[in-house]
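Summary of the model geometry
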Amino acid sequence: MQKGKGRTSRIRRRKLCRSSEPRGVNESHKSEFIELRKWLKARKFQDSNLAPACFPGTGRGLMSQTSLQEGQMIISLPESCLLTTDTVIRSYLGAYITKWKPPPSPRLALCTFLVSEKHAGDRSLWKPYLEILPKAYTCPVCLEPEVVNLLPKSLKAKAEEQRAHVQEFFASSRDFFSSLQPLFAEAVDSIFSYSALLWAWCTVNTRAVYLRPRQRECLSAEPDTCALAPYLDLLNHSPRVQVKAAFNEETHSYEIRTTSRWRKHEEVFICYGPHDNQRLFLEYGFVSVHNPHACVYVSREILVKYLPSRDKQMDKKISILKDHGYIENLTFGWDGPSWRLLTALKLLCLEAEKFTCWKKVLIGEVISDTNEKTSLDIAQKICYYFIEETNAMLQKVSHMKAEKEALINQLTLVESLWMEELKILRASAETLHSLQTAFT
């Protein structure tokens, strides 16, 4: 047997590989987690599987204290630990919510409670939970406008919509906040400021778990599906894991079971859903490295950028794509241009004498080698355009990082998004090159 080829050598290499993996630093000893565990225990929560820790790359998360097997319960959080609209209505805010017309939304009820309890400080019964919540968030709605301007166009537009939505949410809630004045010695305007409400809105938006919809007369018809889940919400996202998560009506607990295995002292992840990086950035304020769902979106304007401007049938082709839902969600991914993108390009590249074949294009039939090659050529030009644009944006981010030290964290996050998109585009360019060789 050759040296280094035996079972003992393989085990040694495996151990060496594992020992070189980034390890988390257990934070159970920190005062805020000691207080949180005491608080949770008083509410009947028991857990020996997980411990809070800080990990390279993901930051604060939960570490396995024992080996976890497929199908094993990761965490079971009793209903008494959940912060829901029930919690709010049973509190001192309940009487004000019940009599306010039109009825406040479930989200407004939760946000109002969070702001009020944070203001209460040491007097809050929820202080141990509030102490471990982020002091600030990195969703686009929280970023400086000059940083938002560096986002991809599609994400920038959504970020601006999100900001307008939160601003309207605040403006439309101010009369309700004024009605709470009897509860406070200070002016409610100083307590329920825009920044305070933005923090609460982001807390609910980024950390809430899903509950079965409920309807209450004292709340608006907006779906009441959100609950904040202390400790459980320390679990970070990974697109490569699968879990089963739901509220168990029999045990009255929110339960998560894993379909993966975890070694002792590994970070345990859950999956928020098959989201691309722009969605993760918009909703949660982070970027997932090597996200298999990540993609680069192609707008309608870019779709036709390299097509002949003299094509008299272009408007009709665009209309067909729009009518059949092929003008949105056109993307480049790790495997190259999406089927939808190539289908749209094949239809747009149809020659005048082949135009009557457009229905066949939409169901995936090959019209001609010329049509296939032309659509691949256009896809490659679009891909190269995006690569140039992405490199230019990365240079802009780099320059701003050197000039705006106060924005370094926000800019680093934007930079990571563009870096991931660049990797995807380069992979797509390689795939397109391989596909084109079939026609040469």
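Predicted model, so just to flag it, every value in this text is computed and none were measured. (Residues numbered from 1 in each chain as written. Predicted model: local features only at pLDDT ≥ 70, side-chain atom pairs only at ≥ 80, totals over all residues. Heavy atoms only, no water.)

1. Examining the UniProt feature "domain: SET" (unreviewed entry) in the protein chain
Selection criterion: UniProt positions are given in the numbering used here, feature names are shortened, and annotations may be inferred rather than shown by experiment. Helix and strand definitions here come from DSSP, where helices need a minimum of 4 consecutive H or I residues and strands a minimum of 2 consecutive E residues; each element is numbered from the N-terminal end.
Taking the numbering used here, the UniProt-annotated feature "domain: SET" (unreviewed entry) corresponds to residues 48-273. In the segment residues 48-273, helix accounts for 35% and strand for 20%; the C-alpha atoms at its two ends are 26 Å apart.

2. Observations concerning helix 2 (residues 31-42)
Heads up, the rule is: A helix is expected to span 1.5 Å multiplied by its residue count minus one. With a 1.4 Å probe rolled over the protein chains alone, any residue whose accessible area is under 20% of its type maximum counts as buried; one over 50% counts as exposed, and the rest are partly exposed. Working note: the arc is built from the helix axis to C-beta atom directions.
For helix 2, spanning 12 residues, the distance from its first C-alpha to its last is 17 Å, which sits close to the expected 16 Å at 1.5 Å a residue. Among all positions of helix 2, only Phe 33, Leu 36, Trp 39 and Leu 40 are buried. An end-on view of helix 2 places all buried positions within 120° of arc, on one side of the element. Opposite the packed face of helix 2, turned more than 90 degrees from it, sit the exposed residues Ser 31, Lys 38, Lys 41 and Ala 42.

3. Things to note about the domain arrangement of the protein chain
Accessible area lost upon the coming together of the parts serves often as the stated size of an interface. Selection criterion: Where a domain begins and ends is set by an automatic assignment or by a domain database. In this analysis, two residues are considered to be in contact whenever any of their non-hydrogen atoms come within 4.5 Å of each other. Two parts placed together each lose some accessible area under a 1.4 Å probe, and adding up what both lose gives the buried area. For this analysis, a salt bridge means a side-chain nitrogen from Lys or Arg found within 4 Å of a carboxyl oxygen belonging to Asp or Glu.
Under the domain assignment, the protein chain is made up of domain 1 (83-228) and domain 2 (296-438). Once you take the C-alpha centre of each, domain 1 and domain 2 turn out to be 39 Å apart. Listed per partner, the contact involves 13 residues of domain 1 and 15 residues of domain 2. Across the interface of domain 1 and domain 2, roughly 1,100 Å² is buried in total on both sides, 73% from carbon and sulfur atoms. Joining domain 1 to domain 2, the criterion identifies 1 salt bridge. With a closest N to O distance of 3.5 Å, Glu 146 and Lys 404 form a salt bridge. If you list the elements that add at least two residues to the side of domain 1 that touches domain 2, you get helix 7 (145-148) and helix 8 (153-179). If one sorts the elements of the side of domain 1 that touches domain 2 by residue count, helix 8 sits on top with 3 residues.

4. Focus on the packing of aromatic side chains
The geometry of two aromatic rings is summed up by the distance between their centres and the angle between their planes. The test is simple: Put simply, two rings from Phe, Tyr or Trp (the six-membered ring, in Trp's case) pair if the centres are within 6.5 Å, and we call them stacked under 30 degrees between planes, edge-to-face over 60, tilted for the rest. Only Lys NZ and Arg CZ are tested; either one counts as a charge over a ring when it is within 6 Å of the ring centre and within 35 degrees of the ring normal.
Inspection of every chain in the model, using the stated rule, returns 15 aromatic pairs. Arranged with centres 4.6 Å apart and planes meeting at 15°, the rings of Phe 177 and Phe 192 form a pair that is stacked. One end of the pair, Phe 177, is in helix 8; the other, Phe 192, is in the loop between helix 9 (188-191) and helix 10 (194-207), and 15 residues separate them in sequence. On the basis of relative accessible area, Phe 177 is assigned to the buried category, the value being 2%. An aromatic cluster is present here, built from Trp 100, Phe 176, Phe 177, Phe 184 and Phe 192 joined pairwise through their rings. Over the ring of Trp 126 we find Arg 43, and its NZ or CZ is 4.7 Å from the ring centre. The ring of Tyr 326 is capped by Arg 340, whose NZ or CZ atom sits 5.1 Å from the centre of that ring.

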